[in-house]
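# Coordinate inspection notes
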Amino acid sequence: MTTPIRFGGLASGIDTDTIIKQLMQAERAPVDKLEQKKQTTEWKRDAYREINRSLMTLRNSAVDLMFSRNFYAKTSSSSDESKISVTAGPSSGNSAVRIDSVTQLASSATTILDAVDRNGQKLTSTTKLSDMNGFVAGQKRVIQETAGTELTIPKDLDFSTVVLKDAAGNVLDSTDFAYDAATGKVTATNTTNYPGGIIPKDVSASFASGTGFEIQYKSSTTGTYQKIELGADATVQDLMSKLNSKETGLSAFFESSTGKISLSTKETGATSTIQFDTNFKSAFSMGTVVPTGQNAKFEVNGIEVERASNTTTIDNMTLTLKSTFASGPVTLSAATDTQKIFDNIKGFVDKYNETIDLMNKKTREERFRSFAPLTQAQRDELSEDEIKKWEEKAMSGMLRGDTILRGTMDTLRSKWSGATSTTNDLDMSRLFQIGLSTGSDFTNGGKIELNEEKLKAAIEKDPEQVYKLFTDENTGLLPQIRDTAKNSRETITRIAGADGAGAPTYSMGREMTQMDTRIKRLNDLLIDKENAYYRRFAAMETAMNQANSQAASLQQFLGGGM
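Cut-off values and rules
- Residues numbered from 1 in each chain as written.
- Predicted model: local features only at pLDDT ≥ 70, side-chain atom pairs only at ≥ 80, totals over all residues.
- Heavy atoms only, no water.
- Helix = DSSP H or I, 4+ residues; strand = E, 2+ residues; numbered from the N terminus.
- Rg over C-alpha atoms; globule rule 2.2 N^0.38 Å.
- Contact = heavy atoms within 4.5 Å.
- Areas by Shrake-Rupley, 256 points an atom, 1.4 Å probe, with all protein chains shown as cover.
- Buried < 20%, exposed > 50% of the residue type's maximum accessible area, 1.4 Å probe, protein only.
- Polar contact = N/O pair within 3.5 Å; in protein donor to acceptor, adjacent residues only side chain to side chain.
- Axes fitted to C-alpha atoms, helices over the stretch in contact; angles between N-to-C directions.
- Parallel < 35°, antiparallel > 145°, perpendicular 65-115°, else oblique.
- Nonpolar A, V, L, I, M, F, W, Y, C, P; charged D, E, K, R; others polar.
- Salt bridge = Lys/Arg side-chain N within 4 Å of Asp/Glu carboxyl O.
- Lys, Arg positive; Asp, Glu negative; His and termini not counted.
- Arc of directions from axis to C-beta.
- Phe/Tyr/Trp six-rings, centres within 6.5 Å; stacked < 30°, edge-to-face > 60°.

On to the overall build of the chain. Secondary structure assignment for the chain yields 11 helices and 22 strands. At 45 Å, the chain has a C-alpha radius of gyration far larger than the 24 Å of a compact globule built from 562 residues. For the chain, the spread of C-alpha atoms along the principal axes amounts to about 155 × 80 × 50 Å. Across the chain, contacts joining residues at least 24 apart in sequence account for 70% of those joining residues at least 6 apart. Carbon together with sulfur atoms contributes 49% to the accessible area of the chain, which is approximately 29,800 Å² in total.

It is worth spelling out the environment of Ser396 at this point. Turning to its location among the elements, Ser396 is positioned in the loop between helix 6 (384–395) and helix 7 (403–418). Owing to a relative accessible area of 8%, Ser396 belongs among the buried residues under this scheme. Placed 31 residues apart in sequence, Ser396 and Glu365 show a C-alpha to C-alpha distance of 6.3 Å. Residues in contact with Ser396, not counting those within four places in the same chain, are Glu365, Glu366, Arg367 and Phe368. Looking at Ser396, its side chain comes within polar contact range of the main-chain oxygen of Glu366, at 2.4 Å.

So, about the packing of helix 7 against helix 10 (residues 477–496). Where helix 7 contacts helix 10, the two axes come as close as 9 Å, and the packing angle between them is 175 degrees. Taken as axis vectors, helix 7 and helix 10 run roughly antiparallel relative to one another. On helix 10, the residues that touch Ile404, Leu405, Thr408, Thr411, Leu412, Lys415 and Trp416 of helix 7 are Leu477, Gln480, Ile481, Thr484, Ser488, Thr491, Ile492 and Ile495. Its residues assigned to classes, the contact of helix 7 with helix 10 shows 8 nonpolar, 6 polar and 1 charged.

This paragraph deals with the pattern of salt bridges. Counting across every chain of the model gives 25 salt bridges. The salt bridge partner of Lys456 is Glu452, with a shortest N-O separation of 2.9 Å. On the criterion of helical spacing, the pair formed by Lys456 and Glu452 is a turn pair, its members being 4 residues apart in helix 8 (residues 452–461). Of the residues examined, Glu452 reaches a relative accessible area of 40% and is grouped as partly exposed. Among the salt bridges present, the one from Lys520 reaches Asp524, with a minimum N-O distance of 3.4 Å. Here Lys520 and its partner Asp524 are both found in helix 11 (residues 507–560), 4 residues apart, which amounts to about one turn of the helix. Assessed through its relative accessible area of 37%, Asp524 is described here as partly exposed.

With that settled, consider the side chain of Arg489. Note that Arg489 resides in helix 10. Buried within the structure, Arg489 lacks any salt-bridge partner; its nearest side chain of opposite charge belongs to Asp499, at an N-O separation of 7.4 Å. Not counting residues up to four positions away in its chain, the partners in contact with Arg489 are Asn52, Arg53, Leu55 and Met56.

This paragraph deals with helix 2 (residues 236–243). Looking at helix 2, one finds that the buried residues are Val236, Leu239, Met240 and Leu243. For helix 2, the arc enclosing every buried residue in end-on projection is 100 degrees, short of the 170-degree limit, so these residues lie on one face. Looking at the buried positions of helix 2, the neighbouring elements they touch are strand 11 (213–219), strand 12 (226–230), strand 13 (250–255), strand 14 (260–268), strand 15 (274–276) and helix 3 (278–283).

Next up on the list: the packing of aromatic side chains. For the structure shown, the criterion picks out 14 aromatic pairs. When the centroid spacing of 5.1 Å and the interplanar angle of 65 degrees are considered together, the rings of Tyr352 and Trp416 count as edge-to-face. Separated by 64 residues along the polypeptide, Tyr352 in helix 4 (residues 338–364) and Trp416 in helix 7 bring together distant segments of the chain. Given a relative accessible area of 0%, Tyr352 falls into the buried group.

Structure, rendered in structure tokens:
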């Protein structure tokens, strides 16, 4: 709203603006008090929200600590890292394992493909598949995965154009077979060559389809034959990209200086294999031998062991075989990582104490009632430094003696003393027995005192019991701290809202909305009051103007008659 420009006192000589300003100061007192009350409410809301953020951090810290890895941390060591490395998991015992020898490392199935194009030239990355022997564009095939009485190919084919081959790539006599165009089923009719009508494993049927290339492969990852489809202009580089895709389970490398391709499975072990259809094998001269990998072979505490991978688990320890050796045993050991477990617990205790410190400070902070929030008029008269110092006093003690915070501190304190776990060792059934207690100083609000020596001794003695004391869902500490923090947060959120929450969603927000409505209504009344004052003084000025005018006229009249 634009403030009108007024010129007062022109006739009377009275400082109208100053008089009205002083009158309005008195009239504005109820508005100032209401705005101060709103500011106090906002400060109290913000103080509550600060507590809520700290409780959220405490709750999250309790949840994070509940994972077993935090209480079963292990250290591990190998007497010869160049031969075998080891990592101990949470379930590893405090034990040692002796690897007497490693006679063989696990390896993947690997083969080297050496081929030339139709002109006898070595391959390059840009060599087209259509320029290689064995690849036929516009041809697809179906491979018999396991021996059986039927081989299923597409329906309604001209069977005279279908080429049947055995696993070695030899063309089979099509008259030994019958084809049902309605179902696509191929069956063996020559029971002399195919006893019992059984079509052997890896027999393939090729037929015309499309214009591009189709390659079928099988690895230990896929388990069954899968298709790679390439365009009519596909090159060796295109083939490499397809072979290296995630789905194949293969790694392919093309060496441009020799024109050779190295193929290997990503998996290791005796079951890892590389198999291709007859066209691919013909193009790359793979022969009939199926490349296979090998298992790792080693001796553990005198027992011969085989594994498909060089990384394996023995006695809950993960070990990685790096080289073979015949003698000079390698000792692998695991032990409780006392320091790490202690640090995990101490981190939670520190976070808990920070939360208690904050609540203790807020509930005991002095309240300076003579330092009310500053009005705008008061701010205008003070420097920034003076405003800052004033508001530090005015904001102090917003939650002094707050019953919600005191109740939360009392509940949290009781959880530490009440946490317990069933155990045969009565010296480790409560937290104070392992070095964690609230102490005897009640003025600290229930902060936890940590005895490092006792806690480390308990961890070394029985980390599982320490874990139970903290995590038992019914009597353990952490679930109770988690639930207490959650419940207190919910109570505070109903009153002060979450960060960024809309005013209608919490009680203090609704209260401040009502204050805003009252402040607006009072400000409207103040504007009307101020305008009324100005109208009165304007009327006085008008009357004085008229009186002055009459006096001047009378004086002129009297003067003119002499």
